[in-house]
Amino acid sequence: MKAVQLIGFGGPDMLELAEVPAPEPGPDEVLIRVKTCGVNFAETAMRADRYAITPPVPSIPGSEVAGVVERIGANVAGIAIGQRVAGSAYAAGQLFGGYAELMTCPAAYVTPIPDALTFEEAVALMVQGLTAWHLLDRAPAAGKRVLISAAAGGVGNLLVQLAKRADAALIVAAASTDDKRNFALSIGADVAVDYTASGWSAGVRALTDGQGADIVFESVGGTVVAESLKALAPLGQLVLYGSLNILEFNMGVPELLGLIFQNQSVTGFATVPLMTAASLQRSQAQIFALAAAKELKVTIGGVFPLDQASEAHRALEGRRTHGKLVLVP
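Residues numbered from 1 in each chain as written. Predicted model: local features only at pLDDT ≥ 70, side-chain atom pairs only at ≥ 80, totals over all residues. Heavy atoms only, no water.

## Some points on the pattern of salt bridges
Phase 1 of the analysis: For the structure shown, the criterion picks out 11 salt bridges.
Phase 2 of the analysis: Between arginine 71 and glutamate 24 there is a salt bridge, with the nearest N and O atoms lying 3.0 Å from each other. You can see arginine 71 sitting in strand 4 (residues 65–72) and its partner glutamate 24 sitting in the loop between strand 2 (15–19) and strand 3 (29–39), a full 47 residues away along the chain.
Phase 3 of the analysis: In this structure glutamate 24 comes out as exposed when scored by relative accessible area, which is 55%.
Phase 4 of the analysis: Its salt-bridge partner being glutamate 317, residue arginine 47 comes within 3.0 Å of it at the nearest N-O pair. Taken as a pair, arginine 47 in helix 1 (residues 41–47) and glutamate 317 in helix 10 (residues 309–317) lie far apart in primary sequence, 270 residues in all. (Salt bridge = Lys/Arg side-chain N within 4 Å of Asp/Glu carboxyl O. Helix = DSSP H or I, 4+ residues; strand = E, 2+ residues; numbered from the N terminus. Buried < 20%, exposed > 50% of the residue type's maximum accessible area, 1.4 Å probe, protein only.)

In structure tokens:
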């Protein structure tokens, strides 16, 4: 089969299309004919050897796919050959194998895709959809002023919509371009700010009558974290998530004093540790149902063939798109 291999650590040119043996499903696994595979920031960090996990070389990146069941293991029940499914291998700790024509996935982490959803839409609602869903479960938005960084991104755009459904009092979208800010406004954000502008937290305070945001969902990292703290209201909660936040983080005594004397909190968030097979099945079905009923807009920011995986990484790292980027074998 054809697959994209990571042949070494470095830039996007470390991704190469190759012919490799097809995987064999184990007794508790499903073999999926991949129709779409999601591209995530975590994979760009792995490629550069800047992630919490160093991948083996060579290896096939990718851990979320949508496709059709090709074969099933001897112990698998309730899944049929030919069925349209989402394979959330990442939730089972399987972080590789998705940038390919075929991928195995533990059957417990395989969920049906409604007929009303395309394979591209399904992939956009997996890592990103579950992240947005559980972020709001951990930090409920009802009645709160919410600031969402990278609001036009894969997670951010779903957070905007789900926070709106949850009756947030005000949604402030932070994004880097006019196009992205306008997109965030079009899907439910109330106001928008440019997080690349100097001192942008002052704009957030002005938009919130001087109070600041009660909840900040932050995924950009670097200096955006410090500015997000300045935009945080007394008693507010800063929620840090995403692979970019583990690459650069600085917090000193001045920030700590602010947290203490304003009774603020900083919360870390990662989706996978929250996932059991049962919780994934339940929440994934709920997200799919919302999108299938057209109550959640799914945005695909780019579709790339396997042999252009390096271009997909460049687009993601260059923040040139909004929504979800996918690969198509």
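Let us keep going from here.
## Remarks on the state of the cysteines
Phase 1 of the analysis: Under the defined criterion, the tally for this structure stands at 0 disulfides.
Phase 2 of the analysis: A disulfide-free cysteine, cysteine 37 has its sulfur positioned 12 Å from the sulfur of cysteine 105, the nearest such atom.
Phase 3 of the analysis: By relative accessible area, which is 0% here, cysteine 105 ends up buried. (Disulfide = S-S within 2.5 Å.)

## A look at the packing of helix 3 (residues 127–138) against helix 9 (residues 277–292)
Phase 1 of the analysis: Between helix 3 and helix 9, the shortest axis-to-axis distance is 10 Å and the interhelical angle comes to 105°. Relative to helix 9, the element helix 3 lies roughly perpendicular. Along its contact with helix 3, which presents Gly129, Leu130, Trp133 and His134, the element helix 9 presents Leu280, Ser283, Gln284, Gln286, Ile287 and Leu290.
Phase 2 of the analysis: Considered class by class, the residues forming the contact of helix 3 with helix 9 number 5 nonpolar, 5 polar and no charged. (Axes fitted to C-alpha atoms, helices over the stretch in contact; angles between N-to-C directions. Parallel < 35°, antiparallel > 145°, perpendicular 65-115°, else oblique. Contact = heavy atoms within 4.5 Å. Nonpolar A, V, L, I, M, F, W, Y, C, P; charged D, E, K, R; others polar.)

## Some words on the sheet that holds strand 10 (residues 191–194)
In sheet architecture, strand pairing relies on hydrogen bonds along the backbone and comes in two forms, parallel and antiparallel.
Phase 1 of the analysis: The strand order across the open sheet formed by 6 strands is 10-9-8-11-12-13, and the pairing between neighbours is parallel. Bordering the open sheet on either side are strand 10 and strand 13 (265–268), each of which pairs with just one other strand. Strand-to-strand twist across the sheet, computed as the mean angle between neighbouring axes with direction ignored, equals 20°.
Phase 2 of the analysis: Sheet topology places strand 9 (residues 170–175) next to strand 10; 4 bridges connect them, and they run parallel. Its bridge partner being in strand 10, alanine 174 is matched across the sheet by valine 193.
Phase 3 of the analysis: Here helix 7 (residues 223–230) sits on the sheet in contact with strand 11 (213–218), strand 12 (232–240) and strand 13, set at roughly 155° to strand 12. (Pairing = 2+ DSSP bridges.)

## Brief notes about the pairing of strand 8 (residues 145–149)
Phase 1 of the analysis: Within strand 8, 4 of the 5 residues are buried, which leaves the element mostly enclosed by the surrounding structure.
Phase 2 of the analysis: Relative to strand 9, strand 8 runs parallel, the two being bridged by 5 bridges. Looking at the pairing, isoleucine 148 lines up with alanine 173 of strand 9.
Phase 3 of the analysis: Once the chain exits strand 8 it traverses helix 4 (residues 154–165) before rejoining the sheet at strand 9, and the crossover so formed is right-handed.
Phase 4 of the analysis: By the bridge criterion, 3 bridges tie strand 8 to strand 11 in an arrangement that is parallel. Residue leucine 147 lies in a different strand from strand 11, and its bridge partner there is valine 216. (Right-handed = clockwise from strand over helix to strand, strands pointing away.)

## Topic: the packing of helix 3 against helix 4
Phase 1 of the analysis: The contact between helix 3 and helix 4 brings their axes to 8 Å, and the two run at 45°. Considered as vectors, helix 3 and helix 4 are oriented oblique to each other. Between helix 3 and helix 4 lies a crossing of right-handed hand. Within the contact between the two elements, helix 3 uses Gln128, Gly129, Thr131, Ala132, Trp133, Leu135 and Leu136 and helix 4 uses Gly154, Val155, Leu158, Leu159, Leu162 and Ala163.
Phase 2 of the analysis: Its residues assigned to classes, the contact of helix 3 with helix 4 comprises 9 nonpolar, 4 polar and no charged. (Left-handed = near helix turned anticlockwise from the far one by under 90°.)

## Some points on the side chain of serine 63
Phase 1 of the analysis: When you line up the elements, serine 63 lands in the loop between helix 1 and strand 4.
Phase 2 of the analysis: Overall, serine 63 belongs to the buried group, its relative accessible area being 6%.
Phase 3 of the analysis: When near neighbours in sequence (up to four residues on either side) are disregarded, serine 63 contacts Glu43, Gly87, Ser88, Ala89, Tyr90, Gln94, Leu95 and Gly98.

Structural measurements only, silent on function.
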